Amino acid sequence: MKITDANKAKTIARNENVTAGKEISRPDKSGSIKKRKTKKQQSQESFEKLMACACKLFIANGYKATTLESIAAGAKLTKGAVYFHFGTKEALLHSLLDRAKERIVDPIIEALSTDCDSVKAALVHFMHVHAGLGLTKRDEMLLLITMSMEFAGQKNKISRHIRELYQLLYTHLEETIAQGQKSGEIKLIVPTRELASIVIALHDGIFIEWSRQEMKMSGDDLIRAARSLIVNGLFDTRQ
């Protein structure tokens, strides 16, 4: 077949676009122009599929029982894709924990750092933000909770990563509670560390129970109940 100069120019331009990572528009069977995804876009889609699938499997089956093969199969990709993006199962979980920090821990810390009229208002704001994240970032929240339970008491990079995330929450909660104790807003019953642990345990426990009930219970009612327990337990409501 003789290739004309015009066809040759089109071929060169198409190859240049592919090399540059640009989208290529091609007609589908109906004749409509459909953009072909770039390699970068395809790679990002594969990455997100693997992250989402791994997150669900780690929550459902636990880290130890989840294999790279099951993650690849669930994402409808090859095992090689898992190796390409993450290398190991441990690296994949670290990536998920980094995302949990970004989507769960950082917003909670921001909520605790927000200027409020009182420590009571700050803790109530924290509870509402935490509850909202449970709705919008359910898998990330459950992953952080379930992995903290599976790796509790262990001494490895993953357990250290999880402890660091929870320590961020403890530190900011303790600072808020200490401020309330100093001002007299909060009853001085037990040390700040124990009070912060109770608040975290209450919220983690509520979310686990809510998920166990398949979210059939009212999330708003659960948060109101938790708020009542914390407010009545920490603050002197007689004043």
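Owing to the predicted nature of the structure, the values given are computational and were not obtained by experimental measurement.

S.K.: Would you mind going over the pattern of salt bridges with me for this structure?
M.R.: Oppositely charged side chains may form a pair once their charged atoms are brought near each other. Applying the stated criterion to the full structure yields 8 salt bridges. Across the pair E45 and K37 runs a salt bridge, and its minimum N-O distance is 2.5 Å. Relative accessible area serves as the criterion here: at 34%, E45 is assigned to the partly exposed category. We note a salt bridge from D106 to K101, for which the minimum N-O separation is 2.9 Å. Residue K101 is classed as partly exposed on the basis of its relative accessible area of 30%. One network of salt bridges, with partners in common, ties together K56, R138 and D139.

S.K.: I keep staring at the nonpolar core and nothing clicks. Help me out?
M.R.: Grouped together as the largest cluster of nonpolar side chains are 53 residues, with contacts concentrated most on F58, L92, L93 and L96. Contributions of two or more residues to this core are made by α2 (39-61), α3 (68-74), α4 (79-85), α5 (89-113), α6 (119-136), α7 (138-150), α8 (157-183) and α9 (192-212). In terms of residue count, the dominant contributor to this core is α5 (9 residues). Apart from residues lying up to four places away in sequence, L92 is in contact with M51, A54, F58, I71, V82 and F86.

S.K.: How do you make sense of the packing of aromatic side chains when you look at a structure like this?
M.R.: Within a pair of aromatic rings, the relevant descriptors are the distance that separates the centres and the angle that separates the planes. Enumeration over the complete set of coordinates arrives at 4 aromatic pairs. An angle of 25° between the planes, with centres 5.2 Å apart, marks the rings of F47 and F86 as stacked. A residue pair is termed long-range when its members are at least 10 positions apart, and F47 in helix α2 and F86 in the loop between α4 and α5 qualify at 39 residues. F86 gets classed as buried once you look at its relative accessible area, which sits at 11%. By way of ring pairs, the aromatic residues F58, Y63 and F151 are connected into one cluster.

S.K.: Could you clarify how one ought to interpret the environment of V199 in this entry?
M.R.: Assignment of secondary structure puts V199 in helix α9. V199 gets classed as buried once you look at its relative accessible area, which sits at 4%. Residues V199 and L123, spaced 76 residues apart in sequence, show a C-alpha to C-alpha distance of 9.4 Å.

S.K.: Looking at this structure, I do not really get a positive patch on the surface. What am I missing?
M.R.: A grouping of K155, K157, R160 and R163 is seen on the molecular surface, where their side chains present a positively charged patch. Its place among the elements puts R160 in helix α8. Take R160: its relative accessible area is 40%, and that puts it in the partly exposed class.

S.K.: Looking at this structure, how should I read the confidence of the model for the protein chain?
M.R.: Residues shown with low pLDDT carry predicted positions that ought not to be read at fine detail. Of the residues in the protein chain, 76% reach a pLDDT of 70 or more, and the chain-wide mean stands at 81. At the level of individual helices and strands, the protein chain shows its lowest average pLDDT in helix α1 (residues 5-20), which scores 45, and its highest in α3, which scores 96. Note that pLDDT drops below 50 for residues 8-24; the model gives that stretch 15 contacts with residues more than four away or on any other chain.

S.K.: Whenever I open this one, the state of the cysteines confuses me. Can you help?
M.R.: Here is the idea: a disulfide is a covalent bond, and it sits between the sulfur atoms of two cysteines. In this structure the tally under the stated criterion is 0 disulfides. Of all cysteine sulfurs, the one in C55 lies closest to C53, which takes part in no disulfide; the gap is 9.9 Å. Exposure remark for C53: the relative accessible area of 12% places this residue in the buried category.

The rules behind these values
- Residues numbered from 1 in each chain as written.
- Predicted model: local features only at pLDDT ≥ 70, side-chain atom pairs only at ≥ 80, totals over all residues.
- Heavy atoms only, no water.
- Salt bridge = Lys/Arg side-chain N within 4 Å of Asp/Glu carboxyl O.
- Buried < 20%, exposed > 50% of the residue type's maximum accessible area, 1.4 Å probe, protein only.
- Core = buried A, V, L, I, M, F, W, Y, C linked by side-chain atoms within 4.5 Å.
- Helix = DSSP H or I, 4+ residues; strand = E, 2+ residues; numbered from the N terminus.
- Contact = heavy atoms within 4.5 Å.
- Phe/Tyr/Trp six-rings, centres within 6.5 Å; stacked < 30°, edge-to-face > 60°.
- Patch = residues over 30% accessible without salt bridge, like charges linked within 9 Å, V, L, I, M, F, W, Y side chains within 5 Å.
- Areas by Shrake-Rupley, 256 points an atom, 1.4 Å probe, with all protein chains shown as cover.
- Lys, Arg positive; Asp, Glu negative; His and termini not counted.
- Charge placed at Lys NZ, Arg CZ, Asp CG, Glu CD.
- pLDDT = per-residue confidence, 0-100.
- Disulfide = S-S within 2.5 Å.

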